[in-house]
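This is what each chain is made of:
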Amino acid sequence: MASGYGHDGDLTDEATYERVRGMTRRNLLRLTAGVGLGTGLGAVLGGRARAAEPTAGIVKPTPPELFVPHGTNAEMRWETMRGRGLLTPADRFFVRNHTFTPRIDARTWRLRLWGTGLHGSPTLRNPVEFSYDDLLGLPAETLAARVECAGNARGFFTSQQGREVSGTPWRLGAVGLARWRGVRLSTVLERAGLAPDAVDVLPRGLDADYVTGGENLGRVRRPLPVAKALEDVLLAYEMNGAPLPPDHGYPVRLVVPSWVGIASVKWLGDVQVADEPLFSPWNTRYYRLFGPGHPPEGGAPLTYQNVKSAFELPWDATLPAGRRVLHGRSWSGTGRIRRTEVSADGGATWRPARLRDPRHDRHGWTRWEVPWHARPGRRELLSRAVDETGASQPATAAYNESGYLFGAVVRHPVTVTG
Ligand SMILES: Nc1nc2c(c(=O)[nH]1)N[C@H]1C(S)=C(S)[C@@H](COP(=O)(O)O)O[C@H]1N2
Ligand SMILES: [Mo]
């Protein structure tokens, strides 16, 4: 196994907890040493030391004006995208960590490909390793693509539909759009000697083993059909023109465009290539639909994300009465956005929004805007989109136990002051 990651692979629940706490203390020291609590930080944050609370296991600062904390995860606040270009800057891109961000040395890092799906000729020995420099030397591609958690908007199953679901209760901020640069997974698979009878690949991260309920499920890993691996999957080493930040997978992550975020394995260490179907908890017990209407072993493993829309407004915003323009974005895993409509009267009447990016990238999103005459009172703002396949946003989302793929219209509360 390649070394270069800073932990052993045999962590208990307690050990993971200790490490996360250690990380928290280090972040705290770095933050307070680097900025100075009484000066810059205090000025930015209105004199209170609340930004000195780092998110456990996340390296970058997660100040409360940019992020909503959820345990080891940090959700982007949608109002921070207001007035910005298409891409989500790395400083506000959501972070979803099963454990904590590992610190990896790119100089000793290796990507290892192995398994029965590679042919083991003398010239193409199995396993095959690539260094960071090897990857930088291969033909590069760039790709604008969202990473979105399958559980994005999960919290609305409870707050809008009164259903308990398991998992992080995200609002709409577990999504971001970046320009990724790297090498196609197909290039690396072909150079490693992909056999014609290979069916599945299993990318695996170098972060700590995931321990839940006292059970060690091993490293984060989720099988991908070879057909998908060869289609459009990228081994990304750059995000928005800079090396990947630690929290987003440095030195190399997978980007599986428009698929559930879990497919885009961060801190990639190895890829098993097999001539038979592969399984891990991430395609058997997680990331399938469970509950009424689904088989006991769950539905098929989740692939594409669905259609969503978000206002670039604070949640529970307070706004002055009068004429204004509402801004937001819509996106879909299944095709480009064709239309977005907005309702400011609880869904009784809808008006088309003006799409600012009507020919957006296939895996990107469109910004939109619509004028609104805001009258005093409590209001709910609704937005819904349709993509080029006709997929749209219903009034309610189909329940599933883990709260995946909430694609219904979100009712965004605001207070208009007179
Ligand atoms: N190795 C590893 N890869 C991972 C994860 C993880 O915890 N470990 N989380 C996954 C999940 S559930 C999501 S939604 C995305 C989040 O990517 P981001 O943190 O860069 O936004 O990474 C995926 N890749
Ligand atoms: Mo996720």
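- Looking at an unreviewed UniProt entry, the protein carries the name DMSO/TMAO reductase YedYZ molybdopterin-dependent catalytic subunit, with the source organism given as Actinomadura algeriensis.
- What UniProt records for the protein under Cofactor (unreviewed entry) is the sentence "Mo-molybdopterin".

1. Some words on the overall build of the protein
Thinking step 1. Looking only at helices and strands, one finds six helices and 23 strands in the protein.
Thinking step 2. Per-residue burial for the protein yields a buried fraction of 55% across its 418 residues.
Thinking step 3. Taken as a whole, the protein presents about 17400 Å² of accessible surface, with 52% of it coming from carbon and sulfur.

2. Notes on the packing of aromatic side chains
Thinking step 1. For the coordinates displayed, the defined rule picks out 16 aromatic pairs.
Thinking step 2. Relative to Phe 406, the ring of Phe 157 lies with its centre 5.1 Å away and its plane at 85°, an arrangement referred to as edge-to-face. With Phe 157 in helix H3 (residues 155-159) and Phe 406 in the loop between strand S22 (377-387) and strand S23 (410-417), this residue pair connects regions lying 249 residues apart in the sequence. Across this residue pair, the class does not change: Phe 157 and Phe 406 are buried.
Thinking step 3. Following the ring pairs from residue to residue traces out a cluster consisting of Phe 93, Phe 94, Trp 170 and Trp 180.
Thinking step 4. The residue whose ring lies beneath Arg 163 is Tyr 399, and the NZ or CZ to ring-centre distance is 3.7 Å.
Thinking step 5. Sitting above the plane of the Trp 350 ring, Arg 384 keeps its charged end 3.8 Å from the centroid.

3. A short note on the site of ligand 1
Thinking step 1. Around ligand 1 sit 20 residues in total, of which Phe 94, Asp 207, His 248, Arg 253 and Lys 266 are the nearest.
Thinking step 2. Asp 207 places a polar side-chain atom, nitrogen or oxygen, 2.6 Å from a nitrogen atom of ligand 1.
Thinking step 3. Look at ligand 1: alone it shows 540 Å² of surface, and the protein chains cover 100% of it.
Thinking step 4. Among the detected pockets, ligand 1 sits in the largest cavity.
Thinking step 5. Considering only residue class, the shell around ligand 1 consists of ten nonpolar, six polar and four charged.

4. Description of the pattern of salt bridges
Thinking step 1. On inspection of all chains with the given rule, the structure shows 17 salt bridges.
Thinking step 2. The partner of Lys 308 in a salt bridge is Glu 148, with the nearest N and O atoms 2.9 Å apart. In this pair, Lys 308 sits in strand S15 (residues 308-311) while Glu 148 sits in strand S5 (residues 141-148), placing the two residues 160 residues apart along the sequence.
Thinking step 3. Exposure remark for Lys 308: the relative accessible area of 1% places this residue in the buried category.
Thinking step 4. Take Glu 148: its relative accessible area is 1%, and that puts it in the buried class.
Thinking step 5. Two residues, Glu 369 and Arg 354, come together in a salt bridge whose shortest N-O distance is 2.9 Å. In this pair, Glu 369 is assigned in strand S21 (residues 366-374) and Arg 354 in strand S20 (residues 354-355), connecting sequence segments 15 residues apart.
Thinking step 6. Overlapping salt bridges bring together Lys 228, Glu 231 and Asp 232 as one network.

5. Here's the deal with the side chain of Ser 343
Thinking step 1. Tracing the sequence through the fold places Ser 343 in strand S18 (residues 337-343).
Thinking step 2. Overall, the relative accessible area of 0% leaves Ser 343 in the buried class.
Thinking step 3. There is a polar contact of 2.7 Å between the side chain of Ser 343 and the side chain of Asp 345.
Thinking step 4. Apart from the residues within four sequence positions on either side, Ser 343 is in contact with Ala 348, Thr 349, Trp 350, Glu 380, Leu 381 and Leu 382.

6. Some remarks on the layout of surface pockets
Thinking step 1. Considering only enclosed or pocket space, the largest pocket measures out at about 300 Å³ in volume.
Thinking step 2. Residue lining of the largest pocket: 16 residues in total, with Arg 96, Arg 154, Gly 167, Tyr 210 and Tyr 286 positioned closest to the centre.
Thinking step 3. Classifying every residue of the lining of the largest pocket by side-chain character gives six nonpolar, eight polar and two charged.

7. Some remarks on the sheet that holds strand S16 (residues 317-320)
Thinking step 1. Reading across the sheet, the five strands line up as S16-S23-S22-S18-S19 and stay open at both edges, with mixed pairing between neighbours. One side of each edge strand has no neighbouring strand; the edge strands of this open sheet are S16 and strand S19 (351-352).
Thinking step 2. In this structure, S22 lies alongside S23, joined through seven bridges in antiparallel fashion. Bridging across to S23, Glu 380 finds its partner in Pro 413.

8. Describing empty space enclosed by the protein
Thinking step 1. By the definition in use, this model includes two cavities of 30 Å³ or more.
Thinking step 2. Within this model, the largest cavity holds a volume of roughly 260 Å³.
Thinking step 3. When its residues are assigned to classes, the lining of the largest cavity shows ten nonpolar, six polar and five charged.
Thinking step 4. Put simply, the second largest cavity is a space of about 180 Å³.
Thinking step 5. Forming the walls of the second largest cavity are 20 residues, and the residues nearest its centre are Trp 78, Arg 171, Leu 172, Trp 315 and His 412.
Thinking step 6. Of all the secondary structure elements, the ones that give two or more residues to the lining of the second largest cavity are strand S2 (73-76), S15, S22 and S23.
Thinking step 7. The element best represented in the lining of the second largest cavity is S15, accounting for three residues.
Thinking step 8. In terms of residue class, the lining of the second largest cavity is built from twelve nonpolar, four polar and four charged.
Thinking step 9. Structurally, the lining of the second largest cavity is a two-domain feature, drawing no fewer than three residues from each of domain 1 (14-284) and domain 2 (308-417).

Basis of the calculations
Think of each chain on its own: its residues are numbered from 1, step by step along the sequence as written. Key to labels: chains lettered from A, ligands numbered from 1, both in the order written. Residue-level local features of this predicted model are given only where pLDDT is at least 70; pairs of side-chain atoms are given and counted only at 80 or more, and the full residue set underlies all totals for whole chains, interfaces and linings. Each side-chain value is worked out from all heavy atoms of the structure, with water and hydrogens disregarded. UniProt positions are given in the numbering used here, feature names are shortened, and annotations may be inferred rather than shown by experiment. Strands are runs of DSSP state E lasting at least 2 residues, helices are runs of H or I lasting at least 4, and numbering of each runs from the N terminus. Working definition: with a 1.4 Å probe on protein chains only, accessible area under 20% of the residue-type maximum means buried, over 50% means exposed, and in between means partly exposed. Under the convention used here, a 1.4 Å probe and the Shrake-Rupley method define accessible areas, while residue burial counts only the protein chains that appear. By convention, a stacked pair of Phe, Tyr or Trp rings (six-membered ring in the case of Trp) has centres within 6.5 Å and planes under 30 degrees apart, an edge-to-face pair has planes over 60 apart, and any other such pair is tilted. Should the NZ of a Lys or the CZ of an Arg lie within 6 Å of a ring centre and within 35 degrees of the ring normal, that charge is described as sitting over the ring. Residues are counted as near a molecule or strand when any one of their heavy atoms sits within 4 Å of it. N or O atoms closer than or at 3.5 Å make up a polar contact, with two conditions inside protein: a donor-capable atom paired with an acceptor-capable one, and, for residues adjacent in sequence, both atoms drawn from side chains. Put plainly, a pocket is an open set of points on a 1 Å grid over the protein atoms alone with protein on both sides within 12 Å along at least five of seven lines, a cavity is a set where a 1.4 Å probe fits but cannot get out, and a lining residue has an atom within 4 Å of a point. More than half of a molecule's atoms within 2 Å of the grid points is what it takes for that molecule to sit in a cavity or pocket. Residue classes follow a fixed rule: Ala, Val, Leu, Ile, Met, Phe, Trp, Tyr, Cys and Pro count as nonpolar, while Asp, Glu, Lys and Arg count as charged, and any other residue, Gly among them, counts as polar. Within this document, salt bridges are pairs made up of a side-chain nitrogen of Lys or Arg and a carboxyl oxygen of Asp or Glu, the two lying within 4 Å of each other. Throughout, a residue-residue contact means that at least one pair of heavy atoms, one from each residue, lies within 4.5 Å. Grid points are joined across faces, edges and corners, and a volume is the space filled by probe spheres set on the points. Two strands make a pair as long as DSSP finds a minimum of two bridges between them. Those domain boundaries reflect an automatic or database domain assignment.

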